[in-house]
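# Commentary on secondary and tertiary structure
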Amino acid sequence: MHSELDVYDRRILALLQEDASLSSAQIAEQVGLSQSPCWRRIQRLKEEGVIRGQVTLLDRKKIGLNTQIFAEVKLNAHGRSNFTEFTEAIRGFPEVLECYVLMGAVDFLLRIVTSDIEAYERFFFEKLSMVPGIQEVNSIVALSEIKSTTSLPVLR
């Protein structure tokens, strides 16, 4: 269900996307509300599923995940009929951060992180290529990151 968000909701969401550790009092002060109504708005946004969770974002390079790969995956006809089997296998790989179903020449786009190219090679041969139904994988190594954000454009 799509919830209509007013200007206060949008400001609250923008602040929480930048720093989820802010207290409701700090958020209330920045958006121009008193603490109780601000807290109630945050709770409503959580209950409605607008706020799905709060996490700590890590710098992947500072924990040794220096290589980022985008893999385009094409399934064979048998693989397409076993879509669920493929998606469950992908969900079980911690190296795969994101997986999207695509329209066009390839079926899926995966974002994968590993420590280095050798680690990706091991992941590819020992895990990804073993998933039944895969016809083709085209791996693209990201050289550098120009923009990476988790913030959605909630302010209009």
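Residues numbered from 1 in each chain as written. Predicted model: local features only at pLDDT ≥ 70, side-chain atom pairs only at ≥ 80, totals over all residues. Heavy atoms only, no water.

### As for the overall build of the protein
This is how it is decided: Runs of E in the DSSP output that reach at least two residues are strands. Runs of H or I that reach at least four are helices, and both are numbered from the N terminus. The globule rule is 2.2 Å times the number of residues to the power 0.38, and the radius of gyration it is compared with is taken over C-alpha atoms. Each residue gets one of three labels from its accessible area relative to the maximum for its type: buried under 20%, exposed over 50%, partly exposed in between, using a 1.4 Å probe on protein chains only. Contacts were defined at the residue level, with two residues in contact if any of their heavy atoms lie within 4.5 Å. Residue exposure ignores everything except the shown protein chains as possible cover, and the areas themselves are Shrake-Rupley values with a 1.4 Å probe.
Tallying secondary structure elements over the protein gives six helices and four strands in all. Helices (α) and strands (β) of the protein occur, in sequence order from the N terminus, as α-α-α-β-α-α-β-β-α-β. Since a compact globule built from 156 residues should have a radius of gyration of about 15 Å, the 20 Å found for the protein marks it as more spread out than a globular shape. Reported as C-alpha extents along the three principal axes, the dimensions of the protein are approximately 55 × 35 × 25 Å. Taking all 156 residues of the protein together, the buried fraction comes to 31%. Sequence separation of at least 24 residues holds for 64% of the intrachain contacts in the protein that already meet a minimum separation of 6. Entry remark: accessible area of the protein is about 10600 Å², with carbon and sulfur atoms responsible for 53%.

### Some remarks on the packing of aromatic side chains
Basically, it comes down to this: Between the rings of Phe, Tyr and Trp (Trp by its six-membered ring), a pair exists once the centres lie within 6.5 Å; its type follows the angle of the planes, with under 30 degrees stacked, over 60 edge-to-face, and the other angles tilted. For a Lys NZ or an Arg CZ to count as sitting over a ring, it must be within 6 Å of the ring centre and within 35 degrees of the ring normal.
Taken as a whole and assessed by the stated rule, the structure comprises six aromatic pairs. On the basis of an interplanar angle of 25 degrees and a centroid distance of 5.7 Å, the ring pair of F83 and F108 is categorised as stacked. One end of the pair, F83, is in helix α5 (residues 83-91); the other, F108, is in strand β3 (residues 108-114), with 25 residues separating them in the sequence. For the pair F124 and F125, a centre-to-centre distance of 5.0 Å together with 85 degrees between the ring planes defines the contact as edge-to-face. Among the aromatic residues, those joined into a cluster by ring pairs are F93, Y120, F123, F124 and F125. The positively charged end of R11 is found above the aromatic ring belonging to Y8, 5.9 Å away from the centroid.

### Topic: the domain arrangement of the protein
Interface size is commonly expressed as the accessible area that is lost once the parts come together. This is how it is decided: Here the bounds of each domain stem from an automatic or database domain assignment.
Along its sequence, the protein is organised into domain 1 (7-48) and domain 2 (60-142). Domain 1 and domain 2 are separated by 37 Å when their C-alpha centres are compared.

### Focus on the side chain of Q68
To be explicit about the condition: Side-chain atoms alone can form a polar contact between residues adjacent in sequence; in general such a contact is a pair of N or O atoms within 3.5 Å, and within protein one must be able to donate a hydrogen while the other accepts it.
Assignment of secondary structure puts Q68 in strand β1 (residues 67-75). Reaching out from Q68, the side chain makes a polar contact with the side chain of E145 at a distance of 3.4 Å. With near-sequence residues (within four places) excluded, Q68 lies in contact with R60, R111, I112, V113, I140, V141, A142 and E145.

### Some words on the packing of helix α1 (residues 7-18) against helix α2 (residues 24-31)
Test applied: Only the stretch in contact is used when fitting a helix axis, every axis being a line fitted to C-alpha atoms; angles between N-to-C directions are given from 0 to 180 degrees. Note that the term roughly parallel is reserved for angles under 35 degrees, roughly antiparallel for angles over 145, roughly perpendicular for angles of 65 to 115, and oblique for everything else. When the near helix sits turned anticlockwise from the far one by under a right angle, the crossing is termed left-handed; a clockwise turn instead gives a right-handed crossing. Amino acid classes used here: Ala, Val, Leu, Ile, Met, Phe, Trp, Tyr, Cys and Pro are nonpolar; Asp, Glu, Lys and Arg are charged; the rest, including Gly, are polar.
Following both chains from N to C, one finds α1 and α2 inclined at 125 degrees, their axes separated by 10 Å at the closest point. By the angle class used here, α1 and α2 are oblique. Here α1 runs over α2; the crossing is right-handed. Between α1 and α2, the residues in contact are Y8, R11, I12, L15 and L16 and I27, Q30 and V31, respectively. Its residues assigned to classes, the contact of α1 with α2 comprises six nonpolar, one polar and one charged.

### A short note on the nonpolar core
Note the cut-off: Here the nonpolar core consists of buried residues drawn from Ala, Val, Leu, Ile, Met, Phe, Trp, Tyr and Cys, with membership extended through side-chain atoms lying within 4.5 Å.
With 17 residues, the main nonpolar core has F86, L110, I112, Y120 and L128 as its most contacted residues. For this core, the elements supplying multiple residues, two or more each, are β1, α5, β3 and α6 (117-126). Ranked by residue count, the leading element in this core is β1, at four residues. Contacts of Y120, omitting those with residues within four sequence positions, involve I69, A71, I112, T114, L128, V137 and S139. Counting 14 residues, the second-largest nonpolar core is a separate cluster that includes I27, A28, C38 and I51.

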